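Descriptive analysis of the structure
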Amino acid sequence: MPWHLRWFVLLILFRPVLDNLYFLKNISPLLSPLYWVGILTPLLSIWAYLKERNITKTVVDKRMTYWFVLIVASAMMIVFYDPLNLLSVEFFLKLTMPVYLWWIVRRIIRSKKDLKGIVVTYLYSTVPIAIILLYEVLINPISVQESRGFERIQGSFGDVVSYSIYLSFAFLSATYLFFINKKRFTFRRRLRLVVVVGAFCLVALFHIHHVASYVVFTAVLGMFLMYNFRTNIASSMVILMIIVSSVAFLGQDFISERFSKLVEKDVEVYQGKADTKYMLHGRVGRWQMMLEDFFNQNPVAVLFGYPYSFNYAYHMVGVGPHNDFLRILFFTGIIGLLLYLSILNLIYRRVASLNTYQKYLGSTLLLITVLYSISVVPTYYPNYLYFMLSVFAFFALPKNKQIEGEFE
């Protein structure tokens, strides 16, 4: 690739290492590579946009453009509210990530081969995550947080969600490669990759104690089995036997004890022993208060985003809502949320029209996005957007480009 595109592939490859240097910002912003990445990424994306302006645009690009206008305008309102604060500039760059990342991925993803390249790169990028995980489990945790009666490891990441995102996409990438490499590699070799990556994910799941991660991993595994049963029942039975053996080895009591503690409060709410506001680790109560605040603002703010209220908005548009649909609602208003949902629906319809393993990748990614969005804010994390928008860029291609060519 030319350098105006290649830098993004290298960024995906080394992003986990950079993410583990998150706390350098506490010493000095100049020492934090993430701040430099935050500044250089939009500039380099503009470079790519200017170098390759002629791309075949489709209805997905049109829908994205409408949403991007709302994103940029709302982010500008945050800067206008507090123009002398560097935090407002930081929020502007982070909130507008979907805009400039879309420029670069639409110029990189031109075929199935390009999509596979990004998927393979993302999988390679998780090798340092596996090394860090082994160090934390076998030698000494780098960082430990208390949550719901468990001690969860999170490496040197800013929070455990980053760990979770890398694990989820590593497993999705491994299973996708299992399908598309059918003609190149034997079943045993392809299965080995899935088993090894899956084993690392399970080890991590039992140490990060994150409910959304359990749900997402189970969903990916379920989708993988469902698609594999459609094409090869024998191999699916082998995989199912491996799963059953793993569950039996771990023990039902071991699994149920850990999961029951994580959902203990939700069970109490269901049984009528606790107030509804305590559901999802207290998130429901937070949502009720934030929604009340949001709908008490002026009509323009309700339609186009909380920043138009000209009030302090950082807590409404960042990780604070702990729900991505609400975050997008608060950030770009009712109009913005409807546009975002229409984009997901448009991608879903384009995914559903395919009869290939790209359909597995697209449908599973959409499912992951919805599941994560219930309790975290995945589209606020760069490592999530790198993967999600790259896959979306493939489905934004004209239909003939989605089916022609080989994976190589």
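We now turn to the structure provided with this report. (Residues numbered from 1 in each chain as written. Predicted model: local features only at pLDDT ≥ 70, side-chain atom pairs only at ≥ 80, totals over all residues. Heavy atoms only, no water.)

A look at the overall build of the chain
For the chain, the count of helices and strands is 20 helices and two strands. Taken over 408 residues, the chain has a buried fraction of 52%. A sequence separation of at least 24 residues applies to 73% of the contacts in the chain between residues at least 6 apart. If you sum the accessible surface of the chain, you get close to 19,000 Å²; carbon and sulfur atoms cover 66% of it. (Helix = DSSP H or I, 4+ residues; strand = E, 2+ residues; numbered from the N terminus. Buried < 20%, exposed > 50% of the residue type's maximum accessible area, 1.4 Å probe, protein only. Contact = heavy atoms within 4.5 Å. Areas by Shrake-Rupley, 256 points an atom, 1.4 Å probe, with all protein chains shown as cover.)

Let's talk about the nonpolar core
General note: in soluble globular proteins, nonpolar side chains tend to be found buried as a group. Counting residues in hydrophobic clusters, the biggest one holds 122 residues, and the most contacted among them are Phe8, Trp102 and Phe392. Among the elements that take part in this core, helix H8 (residues 160-180) stands out by supplying 16 residues, more than any other. Apart from the residues lying within four places of it in its own chain, the contact partners of Phe8 are Leu101, Ile104, Val105, Ile108, Tyr386 and Ser390. (Core = buried A, V, L, I, M, F, W, Y, C linked by side-chain atoms within 4.5 Å.)

Let's talk about the packing of H8 against helix H18 (residues 357-375)
The N-to-C vectors of H8 and H18 enclose an angle of 165°; their axes lie 10 Å apart at closest approach. Considered as vectors, H8 and H18 are oriented roughly antiparallel to each other. Considering the relative orientation of H8 and H18, their crossing is right-handed. Here Ser164, Ile165, Ser168, Phe169, Leu172, Thr175, Tyr176, Phe179 and Ile180 of H8 come into contact with H18, specifically with Tyr357, Gln358, Tyr360, Leu361, Thr364, Leu365, Ile368 and Tyr372. Within the contact of H8 with H18, the residues separate by chemical class into 12 nonpolar, five polar and no charged. (Axes fitted to C-alpha atoms, helices over the stretch in contact; angles between N-to-C directions. Parallel < 35°, antiparallel > 145°, perpendicular 65-115°, else oblique. Left-handed = near helix turned anticlockwise from the far one by under 90°. Nonpolar A, V, L, I, M, F, W, Y, C, P; charged D, E, K, R; others polar.)

Quick notes on the environment of Val215
Within the secondary structure, Val215 sits in helix H10 (residues 211-231). Between the C-alpha atoms of Val215 and Leu371, which are 156 residues apart in sequence, the distance is 7.6 Å.

Details of a positive patch on the surface
On the surface, a cluster of positive charge is contributed by Arg184, Arg188, Arg189 and Arg192. Residue position: Arg189 is located in helix H9 (residues 187-208). Accessibility expressed as a relative area gives 45% for Arg189, which makes it partly exposed. (Patch = residues over 30% accessible without salt bridge, like charges linked within 9 Å, V, L, I, M, F, W, Y side chains within 5 Å. Salt bridge = Lys/Arg side-chain N within 4 Å of Asp/Glu carboxyl O. Lys, Arg positive; Asp, Glu negative; His and termini not counted. Charge placed at Lys NZ, Arg CZ, Asp CG, Glu CD.)

What about the side chain of Thr369?
Within the secondary structure, Thr369 is located in helix H18. Polar side-chain contacts of Thr369 include one of 2.8 Å to the side chain of Tyr384. Leaving out residues up to four positions away in the same chain, Thr369 has contacts with Tyr340, Pro378, Tyr384 and Met388. (Polar contact = N/O pair within 3.5 Å; in protein donor to acceptor, adjacent residues only side chain to side chain.)

What about the packing of aromatic side chains?
Enumeration over the complete set of coordinates arrives at 27 aromatic pairs. Seen in terms of ring centroids, Tyr122 and Phe169 are 5.7 Å apart; in terms of plane orientation they differ by 85°. Their pairing is edge-to-face. Note that Tyr122 is positioned in helix H6 (residues 112-125) and Phe169 in helix H8, a separation of 47 residues in sequence. Arranged with centres 5.3 Å apart and planes meeting at 50°, the rings of Phe294 and Phe330 form a pair that is tilted. Pair noted here: Phe294 is in helix H14 (residues 279-295) and Phe330 is in helix H17 (residues 324-352), with a separation of 36 residues, a long-range link. For the pair formed by Phe294 and Phe330, the shared burial category is buried. Taken together, the aromatic side chains of Phe178, Phe179, Phe187, Phe224, Tyr227, Tyr357 and Tyr360 make up a single cluster linked through ring pairs. The residue whose ring lies beneath Arg6 is Trp3, and the NZ or CZ to ring-centre distance is 4.4 Å. (Phe/Tyr/Trp six-rings, centres within 6.5 Å; stacked < 30°, edge-to-face > 60°. Lys NZ or Arg CZ within 6 Å of the ring centre and 35° of its normal.)

Focus: the pattern of salt bridges
The final tally for this structure, using the stated rule, is four salt bridges. Arg110 serves as the salt-bridge partner of Glu52, at 2.6 Å between the closest nitrogen and oxygen. Of this pair, Glu52 sits in the loop between helix H2 (33-51) and helix H3 (59-81) while Arg110 sits in the loop between helix H5 (97-108) and H6, and the two are 58 residues apart along the sequence. By relative accessible area, Arg110 is classed as partly exposed at 34%.

Notes on helix H1 (residues 3-19)
End to end, H1 covers 23 Å across 17 residues, agreeing with the expected 24 Å (1.5 Å per residue, within 8%). A maximum bend of about 45° is found in H1 at Leu13, where proline Pro16 lies one to four positions downstream. Those residues of H1 that sit buried are His4, Leu5, Trp7, Phe8, Val9, Leu11, Ile12, Arg15, Pro16, Leu18 and Asp19. Those residues of H1 that are buried lie in contact with H2, H5, H6, helix H7 (127-138), H8 and helix H19 (382-395). (Expected span 1.5 Å × (residues − 1). Bend = angle between axes of the 7 residues up to and from the residue.)

Everything listed is a geometric property; what it means functionally is a separate question.
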